[in-house]
Structure formats: C-alpha cells, structure tokens
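Spelled out, the chains give:
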Amino acid sequence: VRRHGVDAAILFSDIVVPVAAAGVGVDIVAGTGPVVADPIATLDDVRRINELAPTDVSYVDEAVRLLVKELGATPLIGFAGAPFTLASYLVEGGPSRNHTKTKAMMYGAPEVWQALCSRLAANTLAFLRVQAEAGVSAVQLFDSWAGALSEADYREYVMPHSTTVLRGLADAGIPRIHFGVGTAELLGAMGEAGADVVGVDWRTPLDVATTRIGPDRAVQGNLDPAVLFAPWEVVEREVRRVLAEGRAAPGHVFNLGHGVLPETDPEVLTRVVALVHEVSAR
C-alpha cells in the first residue's frame with residue numbers, strides 16, 4: 001500500500017483458516033497447498049466440522065484491527081473462501097485438477113454435499129462477520145474452483161450456499177465482492193448470488209462480462225497478470241483497454257484478473273497504479 005499507492009488493501013488470511021479453526025486437521029504443504037488429514041465423505045464426517053465461533057478466529061479479529069489502524073484512510077478488504085472451494089479441499093483431501101470426488105459427492109450423495117456446504121456457508125458467514133465487525137470496509141468471497149462447474153450444476157449445488165454468505169452480510173453495510181476463476185459462463189449466476197461487485201478474470205472482456213452480470217452491479221478486474229512481464233508499451237495499452245471496457249459497467253474496480261505472480265517487477269506495479277489513477281482522473 002505504501003510503496004505502490006493502491007486505493008485499498010486486502011487481508012489474505014489463508015483460505016483454509018476458518019476450516020482449521022472449526023476443528024478440521026489441515027496442513028499447508030509446500031509446493032502442494034492445503035492438505036486435509038481426514039477427507040470428508042459421510043454425514044458423520046460433516047458433523048466433525050464445528051460451528052465457528054468468533055473466539056475461534058480472535059487472531060483474525062486482532063489482525064484486522066491492527067491493519068485498520070495502520071492503514072488510516074485506506075480501506076481494508078476482508079477475505080474468505082467460498083463454500084464450494086472449501087468443500088472441494090475437504091472432499092478431495094487437497095487441491096484437485098478434475099474435482100472428481102467433489103462432483104461424485106454432488107451427484108451421488110447430495111444429502112452429504114448439501115450438509116457440508118451448509119455448514120461451510122454458516123462458518124464462512126461467521127468468519128466474514130468477524131472481519132466486518134473488526135473494521136474492514138468491504139469483503140470478498142473467493143471461489144477458486146467454481147470454474148470447474150457447468151452453470152446448471154453451479155445453480156443447483158453451489159449458488160444457494162454462496163447466496164447464504166453474501167446475503168447474510170447485507171446488514172453489515174459494506175460492499176460485497178464475489179470472485180471466481182474461469183467463471184465466464186457463470187457470471188450471470190454469480191451476479192444473482194447477492195454481491196455488489198463481481199470479479200472477472202482475464203479471460204472475459206469487462207464489457208462482455210457486464211452484459212452477463214447485469215447493469216446494476218460493478219465489476220472488478222481484469223488485467224492478465226502475465227501482461228506485466230511485457231514491454232511497458234504493451235502493459236500501458238492493455239491497462240487502457242481494460243479501463244475502456246470497464247466503462248460499460250456502473251462501477252469498475254481496476255485489478256489484475258487473478259493475483260500478482262511472484263516474479264513480477266514491483267516497479268511495473270507502481271507504474272500501472274499511477275497510470276490507472278491518471279486515466280481515471282481524466
């Protein structure tokens with residue numbers, strides 16, 4: 001925030017923090033990601049996931065309050081993983097390329113799937129409420145793996161649980177952002193789930209995304225992170241294109257279409273922020 005002059009900060013508490021806080025054995029393995037000791041397969045397994053209480057994540061509450069104080073007038077965005085992405089980690093036992101076990105449960109044991117996602121939705125809502133009450137200015141629900149689904153499956157098996165989280169925060173009085181990766185065909189449904197802002201990855205132009213999401217929601221995104229490795233004239237051209245396409249929406253939060261790649265030159269990030277500010281001011 002201090003180096004690049006961005007307009008907001010986001011607290012990336014790891015996506016499985018509320019899962020671990022609810023009593024699930026999970027480890028972050030280098031080079032792999034979250035690995036679950038005993039994957040979820042039955043209703044009895046679902047019952048092992050505790051109901052999350054604010055005291056279970058008091059360290060997140062403390063972190064938010066410390067950050068809000070340090071940031072001053074710069075807003076802090078809270079963060080949580082969406083129920084589907086959390087469920088996939090728990091069912092697969094870790095990251096998955098094809099989500100085979102996840103989909104097998106969705107189709108073959110829907111009562112287990114719905115019970116699992118209901119518990120995760122309740123816990124995610126509680127987790128974001130802790131952050132809201134600690135002082136974040138907005139929240140983001142991050143569905144990393146939703147792009148593995150068809151729209152029909154998303155609407156039946158996933159959307160109701162994301163809606164529980166997003167609409168459950170309606171009384172918090174802060175903007176709600178909903179983001180997924182590879183979700184071009186799901187953008188309309190994601191917009192209906194209850195967010196104020198829908199994040200769009202780099203695969204879908206923002207003006208096209210807006211026609212799918214609807215005219216009453218802002219968009220966030222969506223510069224391809226790999227563009228930042230190109231010569232500056234290419235970076236500038238692409239930034240201006242994203243800003244131009246974003247004008248089709250009622251509001252646009254400029255961002256990358258996913259995350260900053262570790263090898264990115266920080267000086268390029270600084271120049272991108274300055275360019276966005278310059279163009280936006282005009």
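Anything mentioned here points back to the structure above.
What you see as residue numbers is a count from 1 along each chain, following the sequence as written. Restriction of local features to residues with pLDDT of at least 70 applies here, the model being predicted, together with a cutoff of 80 or more for giving and counting side-chain atom pairs; totals for whole chains, interfaces and linings are based on all residues. Neither water nor hydrogens contribute to the side-chain values; these are computed over all heavy atoms in the structure.

**A short note on the overall build of the protein**
Argument step 1. A helix here means a DSSP run of H or I that spans at least four residues, while a strand means a run of E at least two residues long, and both kinds are numbered starting from the N terminus. Regarding its fold elements, the protein presents 11 helices and 9 strands.
Argument step 2. A globule of 282 residues ought to have a C-alpha radius of gyration of about 19 Å, and the protein, at 19 Å, matches this closely.
Argument step 3. Along the first, second and third principal axes, the C-alpha set of the protein runs to 60 × 40 × 40 Å.
Argument step 4. Only protein chains enter the calculation, and the probe is 1.4 Å; a residue is then buried if its accessible area is under 20% of its type maximum, exposed if over 50%, and partly exposed in between. Across the 282 residues that make up the protein, the buried fraction comes to 50%.
Argument step 5. Here, two residues are considered to be in contact whenever any of their heavy atoms come within 4.5 Å of each other. A fraction of 70% describes how many contacts in the protein between residues 6 or more apart in sequence connect residues 24 or more apart.
Argument step 6. Accessible surface area values rest on a Shrake-Rupley calculation with a 1.4 Å probe, where residue burial reflects the displayed protein chains alone. Summed over its atoms, the accessible surface of the protein is roughly 12,700 Å², and 54% of this surface lies on carbon and sulfur atoms.
Argument step 7. Charged-residue counts in this description rest on Lys and Arg as positive and Asp and Glu as negative, His and the chain ends being excluded. The atom standing in for a charge is NZ when the residue is Lys, CZ when it is Arg, CG when it is Asp and CD when it is Glu. Once the 23 positive and 34 negative side-chain charges of the protein are each reduced to a mean point, those two points are 3 Å apart. For this measure, only C-alpha atoms enter the radius of gyration; the expected value for a globule follows 2.2 Å times N^0.38, where N is the number of residues.

**Some points on the pattern of salt bridges**
Argument step 1. Every case where a carboxyl oxygen of Asp or Glu lies within 4 Å of a side-chain nitrogen of Lys or Arg is listed as a salt bridge. What the rule picks out here adds up to 17 salt bridges.
Argument step 2. With its nearest N and O atoms 2.6 Å apart, the salt bridge here joins D201 to R203.
Argument step 3. Assessed through its relative accessible area of 2%, D201 is described here as buried.
Argument step 4. Take R203: its relative accessible area is 48%, and that puts it in the partly exposed class.
Argument step 5. Linking R237 and E238 is a salt bridge whose minimum nitrogen-to-oxygen distance equals 3.3 Å.

**Focus on the packing of helix α3 (residues 58–71) against helix α6 (residues 110–134)**
Argument step 1. Between N-to-C directions, angles span 0 to 180 degrees; the directions come from axes that are lines fitted to C-alpha atoms, helices contributing only their stretch in contact. In contact at an axis separation of 9 Å, α3 and α6 are set at 30 degrees when each is read in the N-to-C sense. You can see that α3 and α6 cross each other, and the crossing is right-handed. Two secondary-structure elements touch here, α3 through V60, D61, V64, R65 and V68 and α6 through F127, V130, Q131, E133 and A134.
Argument step 2. Throughout this entry, Asp, Glu, Lys and Arg are counted as charged residues, while Ala, Val, Leu, Ile, Met, Phe, Trp, Tyr, Cys and Pro are counted as nonpolar. The remaining residues, Gly among them, count as polar. Here the contact of α3 with α6 is composed, by residue class, of 6 nonpolar, 1 polar and 3 charged. By definition, turning the near helix anticlockwise from the far helix through less than a right angle yields a left-handed crossing, and turning it clockwise yields a right-handed one.

**Focus on the pairing of strand β5 (residues 138–143)**
Argument step 1. Extensive coverage of β5 is indicated by the burial of 6 of its 6 residues.
Argument step 2. The alternating pattern of β5 places A138, Q140 and F142 and V139, L141 and D143 on opposite faces, both of which are buried.
Argument step 3. In this description, strands pair whenever DSSP reports at least two bridges between them. Looking at chain direction, strand β4 (residues 76–81) and β5 are connected through 5 bridges and run parallel. Within the sheet, the bridge partner assigned to G81 lies in β5 and is F142.
Argument step 4. As paired elements, β5 and strand β6 (residues 176–180) share 5 bridges and run parallel to each other. Considered in β6, the bridge of L141 is made with H178.
Argument step 5. Note that the unit made of β5, helix α7 (residues 151–168) and β6 has a crossover that is right-handed. If the strands point away from the viewer and the path from the first strand over the helix to the second runs clockwise, then the crossover is right-handed.

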